[in-house]
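Each chain, letter by letter, is given below.
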Amino acid sequence: MSRSAHPAGPRYADVLPEGHYTAPPADLNALDPRVWSRTVGRRAEDGVVTVGGIGVDRLAEEFGTPAYFLDEDDFRARCRAWRDAFGTEADVFYAGKAFLSRAVVRWLHEEGLNLDVCSAGELATALAAGMPAERIALHGNNKSPEEITRAVEAGVGRIVLDSFQEIVRVAHIAERLGKRQRVQIRVTVGVEAHTHEFIATAHEDQKFGLALVGGQAAEAVRRALKLDGLELIGIHSHIGSQIFDTSGFEVAAHRVVGLLKEIRDEHGVELPEIDLGGGLGIAYTSDDDPREPHEIARALNDIVTRECAAAGLAVPRLSVEPGRAIVGPTAFTLYEVGTTKELPGLRTYVSVDGGMSDNIRTALYDAEYSVALVSRTSTAEPMLSRVVGKHCESGDIVVRDAFLPADVAPGDLLAVPATGAYCRSMASNYNHALRPPVVAVKDGAARVIVRRETEEDLFRLDVG
Ligand SMILES: Cc1ncc(COP(=O)(O)O)c(C=O)c1O
Ligand SMILES: N[C@@H](CCCC[NH3+])C(=O)O
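Residues numbered from 1 in each chain as written. Chains lettered and ligands numbered in written order. Predicted model: local features only at pLDDT ≥ 70, side-chain atom pairs only at ≥ 80, totals over all residues. Heavy atoms only, no water.

Where an unreviewed UniProt entry is consulted, the protein chain appears under the name Diaminopimelate decarboxylase, with the organism given as Streptomyces eurocidicus. Checking UniProt for the protein chain, the heading Subunit (unreviewed entry) contains the comment "Homodimer." (UniProt positions renumbered as here; feature names shortened; annotations may be inferred.)

Visitor: Would you mind showing me how to read helix 5 (residues 145-154) here?
Guide: Along an α-helix, a turn takes 3.6 residues, which lines up residues three or four apart on a common side. Among all positions of helix 5, only Glu-147, Ile-148, Thr-149, Ala-151 and Val-152 are buried. Check the buried side of helix 5 and you find it contacts helix 4 (120-128), strand 7 (136-138), strand 8 (158-161), helix 6 (164-176) and strand 9 (181-188). Where helix 5 ends, the next residue or the one after it, Gly-155, has phi of about 90°, a positive value. (Buried < 20%, exposed > 50% of the residue type's maximum accessible area, 1.4 Å probe, protein only. Helix = DSSP H or I, 4+ residues; strand = E, 2+ residues; numbered from the N terminus. Contact = heavy atoms within 4.5 Å.)

Visitor: Quick question: what am I supposed to make of the sheet that holds strand 2 (residues 49-51) here?
Guide: Strand pairing in a sheet takes place through backbone hydrogen bonds and is either antiparallel or parallel in direction. A sheet is described by the order of its strands in space; here 3 strands give the open sequence 1-2-3, paired in antiparallel fashion. One side of each edge strand has no neighbouring strand; the edge strands of this open sheet are strand 1 (42-43) and strand 3 (54-55). As paired elements, strand 1 and strand 2 share 2 bridges and run antiparallel to each other. If you follow Arg-42 over to strand 2, its bridge partner there is Thr-50. (Pairing = 2+ DSSP bridges.)

Visitor: Honestly, the environment of Arg-324 in this entry has me stumped. Any pointers?
Guide: Here Arg-324 shows up in helix 10 (residues 324-327). Under the relative-accessibility criterion, Arg-324 is labelled buried at 4%. For the pair formed by Arg-324 and Val-56, sequence separation is 268 residues and the distance between their alpha carbons is 24 Å.

Visitor: Hey, could you run me through the environment of Asp-84 in this one?
Guide: Position of Asp-84 relative to the elements: it lies in helix 2 (residues 72-86). As for Asp-84 and Leu-346, which are separated by 262 residues in sequence, their C-alpha atoms are 48 Å apart.

Visitor: How should the packing of helix 5 against helix 6 be read in this particular structure?
Guide: Helix-helix packing is described using two parameters, namely the angle between the two axes and the distance between the axes. Relative to each other, helix 5 and helix 6 sit at 45°, their axes nearing to 10 Å. Taken together, the axes of helix 5 and helix 6 are oblique relative to one another. The interaxial crossing formed by helix 5 with helix 6 has right-handed handedness. Facing Pro-145, Ile-148, Thr-149 and Val-152 of helix 5, the residues of helix 6 in contact are Glu-166, Arg-169, Val-170, Ile-173, Ala-174 and Arg-176. Among the residues making up the contact of helix 5 with helix 6, the classes are represented as 6 nonpolar, 1 polar and 3 charged. (Axes fitted to C-alpha atoms, helices over the stretch in contact; angles between N-to-C directions. Parallel < 35°, antiparallel > 145°, perpendicular 65-115°, else oblique. Left-handed = near helix turned anticlockwise from the far one by under 90°. Nonpolar A, V, L, I, M, F, W, Y, C, P; charged D, E, K, R; others polar.)

Visitor: Sorry if this is basic, but what is going on with the UniProt feature "binding site: pyridoxal 5'-phosphate" (unreviewed entry) in the protein chain here?
Guide: Per the UniProt entry, the sites bearing "binding site: pyridoxal 5'-phosphate" (unreviewed entry) are Gly-279, Glu-321, Pro-322, Gly-323, Arg-324 and Tyr-422 in this numbering. Secondary-structure assignment places Gly-279 in the loop between strand 12 (273-275) and helix 9 (293-311). The class for Gly-279 is buried, based on a relative accessible area of 9%. When neighbours within four sequence positions are excluded, Gly-279 is seen to be in contact with His-238, Gly-240, Ser-241, Gln-242, Ile-243 and Phe-249.

Visitor: Is there a simple way to explain unusual backbone geometry in this structure?
Guide: The phi angle of most residues is negative, glycine excepted, and most peptide bonds adopt the trans form. The amide bond that connects Thr-65 to the next residue, Pro-66, takes the cis arrangement and shows omega of -5°. By secondary structure assignment, the location of Pro-66 is in the loop between helix 1 (56-63) and strand 4 (67-71). The backbone phi angle of Gln-242 is positive, close to 60°, even though this residue is not glycine. Locating Gln-242 in the fold gives a position in the loop between strand 11 (230-236) and helix 8 (247-267). For Gln-242, a relative accessible area of 12% corresponds to the buried category. The residue Asn-431 is not glycine, and still its phi comes out positive at about 60°. The partly exposed category is assigned to Asn-431, whose relative accessible area is 41%.

Visitor: Teacher, can you tell me more about the nonpolar core here?
Guide: One broad trend across soluble globular proteins is that nonpolar side chains are buried collectively. Formed by 108 residues in total, the largest nonpolar core has its most connected members in Phe-75, Phe-86, Tyr-94, Ile-159, Ile-185 and Ile-235. Those residues within four positions of Ile-185 in sequence are excluded, and the remaining contacts are Leu-161, Leu-210, Ala-220, Val-221, Ala-224, Leu-232, Gly-234, Ile-235 and His-236. Membership of the second largest hydrophobic core comes to 22 residues, among which are Phe-63, Ala-283, Phe-332 and Val-374. (Core = buried A, V, L, I, M, F, W, Y, C linked by side-chain atoms within 4.5 Å.)

Visitor: Help me understand the site of ligand 1, please; the structure alone is not making it clear to me.
Guide: Taken together, 15 residues are adjacent to ligand 1, and His-238, Ser-241, Gly-279, Glu-321 and Tyr-422 come closest. Contacts to ligand 1 include Lys-97, whose side-chain N or O atom sits 3.5 Å from an oxygen atom. Between ligand 1 and the protein, one listed contact pairs an oxygen atom with a side-chain N or O atom of Tyr-422 at 2.6 Å. When isolated, ligand 1 has an accessible area of 400 Å², and the protein chains bury 92% of it. Class assignment of the residues belonging to the shell around ligand 1 gives a composition of 3 nonpolar, 7 polar and 5 charged. (Near = heavy atom within 4 Å. Polar contact = N/O pair within 3.5 Å; in protein donor to acceptor, adjacent residues only side chain to side chain. Areas by Shrake-Rupley, 256 points an atom, 1.4 Å probe, with all protein chains shown as cover.)

Below, the structure is given as structure tokens:
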């Protein structure tokens, strides 16, 4: 395709979708440090982007594409930032659903974080990698009796109860095992979090939690307090995901403390803990402006302390459950360009060797991502592009709107930053795609922590 078919100038103006880029960035070779985490992406003198000091060209040769590359030091630094921000008077539970592997569990353990799991598989991974059971919380709106039994037997630190049936189910299982299980009750506080509908979880009309409004949460507390198999230690609220604004958390904290006060007044019991969930947003594009852990910690501590003082309650132990904010920025996905297709006057479709099977978030939530040419620099003019995958689906879009240099061609490597959370963990085998590996990079060395799937893996499931 002739590159001269892309004259420079204002031709983009007619086709730019509203709310997206208004102009190409001044320098297409620059990597915005807000989106490209501190150590994750640096461009070396030869123009090749490096992670942990290793060039992406070398990484692609050794590990293939598509692949996720994760900076272990960055991950650990983020764990420490959260732990230090909340201090010893609070607990940070990493939300394993964002991305979990046994190496990650070991890092979390070493950095002093706890772990939130929401399935038997995540629980098994946590235990197999040596996370002490008392530092694990089990979540889920429909935990099976088997999952509950495994968790109680293992001695998990808490189970977060999500329905009336589950209150009884967990109590019975604990009694049968001769145990008293520490539990929290998940409540929906009625906050409309400013995020995509599918990832907002605190409005009443959805599947998670028991509503404060109408008294279901208070009734759940009443029932839980009566059961010998349960030790009710607190109230849990999670308002949603990819949220930038602390005001939703403040409203949630206010309402949760309100429930603690009601509980004290009705039962004469002061519950010792509250968990305000996860949900802190990260920068996927230069337009995103996330809060730092210490800002979140200060806002949450202030509001809980203030509300408790007003209610005459002792300040409960606080916990939070960040997933995306820890692992999201620590990784990028590396792809190789296979084809380009120019639609004159509209945009150029750049097809890479992955797609919705390794990143479903664009198709599912209209998520916005950035992308950069990382195997070289270019002085070519900006070209309005759509980075798409290789699946049989026109919605198979990785990056909806991006400017790439107009000379991008087959064989070039593109990287999509901030893919550490909810990409590998939500990856699929659609079209029998083989899920990509996760490669951890540290001190100039790279090692596979989750290997690439093989056709044998597919055949092992397909038993004929
Ligand atoms: C109960 C609970 N805690 C924590 C999280 C982690 O959220 P995030 O990765 O947005 O921090 C989630 C997912 O949204 C969740 O459902
Ligand atoms: N999977 C979602 C977030 C929901 C997390 C679980 N409650 C995402 O990619 O943004």
